[in-house]
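Structural overview for review
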Amino acid sequence: SNAQLIKTANGADVWGAVADVKVFRGTPLPRVRAKGLSLALAANERESVQLVVTAGEQPLADVRAVAGTLTAANGKDVIAADCVSVRRVGYVAVKTPTDETGACGLWPDPLLPQDATPFGVKARENQPLWITVSVPKLTPACIYSGSVELVLTTGSAAPALTKIPLT
């Protein structure tokens, strides 16, 4: 499946989507479930996957995402955290469609730099994050795993820290 629901935390749904799926503000939640995000790539390659935060009835006032180090199954080889980037998908207002597949409205397109600075998500809207793993040239072949830490704050509720597995 191109999109999988991962978990619900602090009134928000968190899901993953492959890089070539356009996630609009109102794209419905996927029905298929997954334990986390998954990528397949080799040394000297770069691949991306989307991590989507969908606010529930309450807007999210403070969302932060930080990717960590990926560790090999052998426990000793790693892909450093600075090889895993997090960017926020921006939206462009399209007033005139450019081809038959286009439509007017907000289209997901630019990838905006995203550090640990918090951002908000309006009620019942999606905000995709673009997670890119760049594997260094001499990285040994293995299954690597880690996580993306998400902090989700809704209204007066205490912030919820949730770890989304990344393999």
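Residues numbered from 1 in each chain as written. Predicted model: local features only at pLDDT ≥ 70, side-chain atom pairs only at ≥ 80, totals over all residues. Heavy atoms only, no water.

**Observations concerning the overall build of the protein chain**
If you tally the helices and strands in the protein chain, you get 0 helices and 12 strands. When the elements of the protein chain are put in sequence order from the N terminus, they spell out β-β-β-β-β-β-β-β-β-β-β-β. Relative to its length of 167 residues, the protein chain is compact, with a C-alpha radius of gyration of 16 Å against a globular reference of 15 Å. In terms of its C-alpha atoms, the protein chain occupies a principal-axis envelope of roughly 50 × 45 × 30 Å. Residues classed as buried in the protein chain amount to 39% of the 167 residues present. Total accessible area computed for the protein chain in this model is approximately 9,100 Å², and 54% of it derives from carbon and sulfur atoms. (Helix = DSSP H or I, 4+ residues; strand = E, 2+ residues; numbered from the N terminus. Rg over C-alpha atoms; globule rule 2.2 N^0.38 Å. Buried < 20%, exposed > 50% of the residue type's maximum accessible area, 1.4 Å probe, protein only. Areas by Shrake-Rupley, 256 points an atom, 1.4 Å probe, with all protein chains shown as cover.)

**A closer look at the confidence of the model for the protein chain**
Summarising the model, the protein chain shows a mean pLDDT of 92, and 100% of its residues fall at 70 or more. When mean pLDDT is taken per element in the protein chain, strand E3 (residues 46–54) scores highest with 97 and strand E12 (residues 160–166) scores lowest with 90. (pLDDT = per-residue confidence, 0-100.)

**A few points about unusual backbone geometry**
Of note, asparagine 10 is a non-glycine position whose phi angle comes to about 55°, a positive value. Within the fold, asparagine 10 resides in the loop between strand E1 (3–9) and strand E2 (12–18). One non-glycine residue with positive phi stands out, namely asparagine 44, at about 65°. Mapped onto the elements of the fold, asparagine 44 is located in the loop between E2 and E3.

**Here we look at the layout of surface pockets**
Empty space among the atoms can be located by rolling a probe the size of a water molecule over them. Of the volumes computed, that of the largest pocket is approximately 270 Å³. In terms of lining, the largest pocket is formed by 17 residues, of which the most central are Leu39, Leu41, Ile79, Cys142 and Tyr144. When its residues are assigned to classes, the lining of the largest pocket shows 15 nonpolar, 2 polar and no charged. In this structure, the second largest pocket spans a volume of roughly 180 Å³. Around the second largest pocket sit 13 residues that line it, and Val94, Thr98, Gly102, Trp107 and Asp109 are the ones nearest its centre. Elements with a contribution of two residues or more to the lining of the second largest pocket: strand E7 (84–94) and strand E8 (105–113). Here the lining of the second largest pocket gets 3 residues from one element, more than from any other, and that element is E8. (1 Å grid on protein atoms, 1.4 Å probe; cavity = no way out; pocket = protein on both sides within 12 Å on 5 of 7 lines; lining within 4 Å. Points joined across faces, edges and corners; volume = space filled by probe spheres on them. Nonpolar A, V, L, I, M, F, W, Y, C, P; charged D, E, K, R; others polar.)

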